[in-house]
Amino acid sequence: MKIQIINGPNLNLLGTREKSIYGDLSFEKYYAQLQAAFPNLQLSYFQSNIEGEIINKIHEVGFSFDGIVLNAGAYTHTSIAIADAISAINIPVIEVHISNVYKREAFRHHSMIAPSCKGVIAGFGLISYRLALESFLQQ
Ligand code: DQA
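Basis of the calculations
- Residues numbered from 1 in each chain as written.
- Predicted model: local features only at pLDDT ≥ 70, side-chain atom pairs only at ≥ 80, totals over all residues.
- Heavy atoms only, no water.
- Salt bridge = Lys/Arg side-chain N within 4 Å of Asp/Glu carboxyl O.
- Helix = DSSP H or I, 4+ residues; strand = E, 2+ residues; numbered from the N terminus.
- Buried < 20%, exposed > 50% of the residue type's maximum accessible area, 1.4 Å probe, protein only.
- Core = buried A, V, L, I, M, F, W, Y, C linked by side-chain atoms within 4.5 Å.
- Contact = heavy atoms within 4.5 Å.
- Axes fitted to C-alpha atoms, helices over the stretch in contact; angles between N-to-C directions.
- Parallel < 35°, antiparallel > 145°, perpendicular 65-115°, else oblique.
- Left-handed = near helix turned anticlockwise from the far one by under 90°.
- Nonpolar A, V, L, I, M, F, W, Y, C, P; charged D, E, K, R; others polar.
- Arc of directions from axis to C-beta.
- Near = heavy atom within 4 Å.
- Polar contact = N/O pair within 3.5 Å; in protein donor to acceptor, adjacent residues only side chain to side chain.
- Areas by Shrake-Rupley, 256 points an atom, 1.4 Å probe, with all protein chains shown as cover.

1. Structural notes on the pattern of salt bridges
Evaluated as defined, the whole model comprises four salt bridges. Note that Lys-57 and Glu-60 form a salt bridge whose closest N and O atoms lie 3.2 Å from each other. Placement of both Lys-57 and Glu-60 in helix H3 (residues 51-61) is noted, with a separation of three residues, approximately one turn of the helix. By relative accessible area, which is 14% here, Lys-57 ends up buried. Under the relative-accessibility criterion, Glu-60 is labelled exposed at 53%. A cluster of three or more residues bridged by salt bridges with shared partners is formed by Arg-104, Glu-105 and Arg-108.

2. Considerations on the nonpolar core
Judged by nonpolar contacts, the single largest core of 22 residues is most densely connected at Ile-5, Phe-27, Leu-34, Val-69, Tyr-129 and Leu-133. Contributions of two or more residues to this core are made by strand E1 (2-7), helix H2 (27-37), strand E4 (93-97) and helix H5 (127-137). Discounting residues that sit within four places of it in the chain, Leu-34 has contacts with Ile-5, Phe-27, Leu-43, Tyr-129, Arg-130 and Leu-133. Core analysis: the next-biggest nonpolar cluster, separate from the first, contains 19 residues, Ile-68, Ala-72, Tyr-75 and Ala-83 among them.

3. Observations regarding the packing of H2 against H5
Their axes nearest at 11 Å, the elements H2 and H5 cross at an angle of 30°. As summarised for this structure, H2 and H5 are arranged roughly parallel, according to the angle between their axes. Our pair here, H2 against H5, has a crossing hand that is right-handed. Residues Phe-27, Tyr-30, Leu-34 and Ala-37 of H2 pack against Ile-127, Tyr-129, Arg-130 and Leu-133 of H5. Residues of the contact of H2 with H5, tallied by class, amount to seven nonpolar, no polar and one charged.

4. Topic: helix H4 (residues 80-88)
Looking at H4, one finds that the buried residues are Ile-82, Ala-83, Ala-85 and Ile-86. Angularly, the buried residues of H4 cover 160° about the axis, an arc narrow enough to put them on a single face. Exposed residues on H4 whose side chains face more than 90 degrees from its buried face are Ile-80 and Ser-87.

5. With respect to the site of the ligand
Neighbouring residues of the ligand: Arg-17, Tyr-22, Asn-71, Gly-73, Ala-74, His-77, His-97, Ile-98, Ser-99, Val-101 and Arg-108. Ala-74 is positioned such that a nitrogen or oxygen atom in its backbone is 3.2 Å from an oxygen atom of the ligand. At a separation of 2.7 Å, an oxygen atom of the ligand approaches a polar side-chain atom of His-77. Protein contacts shield 99% of the accessible area of the ligand, which totals 320 Å² for the unbound molecule. In terms of residue class, the shell around the ligand is built from four nonpolar, five polar and two charged.

6. What to know about the packing of H3 against H4
Running from N to C, H3 and H4 point in directions that differ by 5°, and their axes come no closer than 9 Å. When the axes of H3 and H4 are compared, the pair comes out roughly parallel. Contacts between H3 and H4 involve Glu-51, Ile-54, Ile-55, Ile-58 and His-59 from the former and Ala-81, Ile-82, Ala-85 and Ile-86 from the latter. Grouping the amino acids of the contact of H3 with H4 by side-chain chemistry returns seven nonpolar, one polar and one charged.

7. Remarks on H3
Side chains that are three or four residues apart share a direction in an α-helix, a result of its 3.6 residues per turn. Among all positions of H3, only Ile-54, Ile-55, Lys-57, Ile-58 and Val-61 are buried. An end-on view of H3 places all buried positions within 160° of arc, on one side of the element. Tucked into the core, H3 has its buried residues touching E1, strand E2 (42-47), strand E3 (67-71) and H4.

Structure (structure tokens):
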């Protein structure tokens with residue numbers, strides 16, 4: 001099974017950024033743990049701070065891979081274009097968040113992309129990604 005993990009804006013700073021919310025591990029280190037934990041999944045990882053690059057990656061894998069795990073960062077709350085890209089492809093997308101967005105500022109309570117996604121996982125720290133990958137194995 002080929003699964004693409006996509007991280008959006010500011011998630012390149014995991015491990016450095018707002019550690020009390022996002023923890024002190026870089027995604028690169030966590031990604032190595034994920035690869036070891038899921039030897040039966042063919043994982044790929046992409047991060048961009050640029051909305052259009054995230055959309056291009058969704059288009060690129062959206063007709064050939066088996067699924068996408070997407071943390072769109074703040075674009076979650078604003079991007080009709082990413083929501084449209086998810087609706088345009090034919091593989092399932094799981095929205096993930098490290099923090100529990102519902103415990104935070106009101107502007108984080110709404111997701112523009114959730115209606116286009118298969119499901120949403122939020123609030124488990126980096127384990128949110130692991131839970132999303134696990135869901136692909138349970139199908
Ligand atoms: C986030 C939550 C978003 O509201 C925020 O803009 C992020 C990270 C999370 O993983 O908790 O950049 O997606």
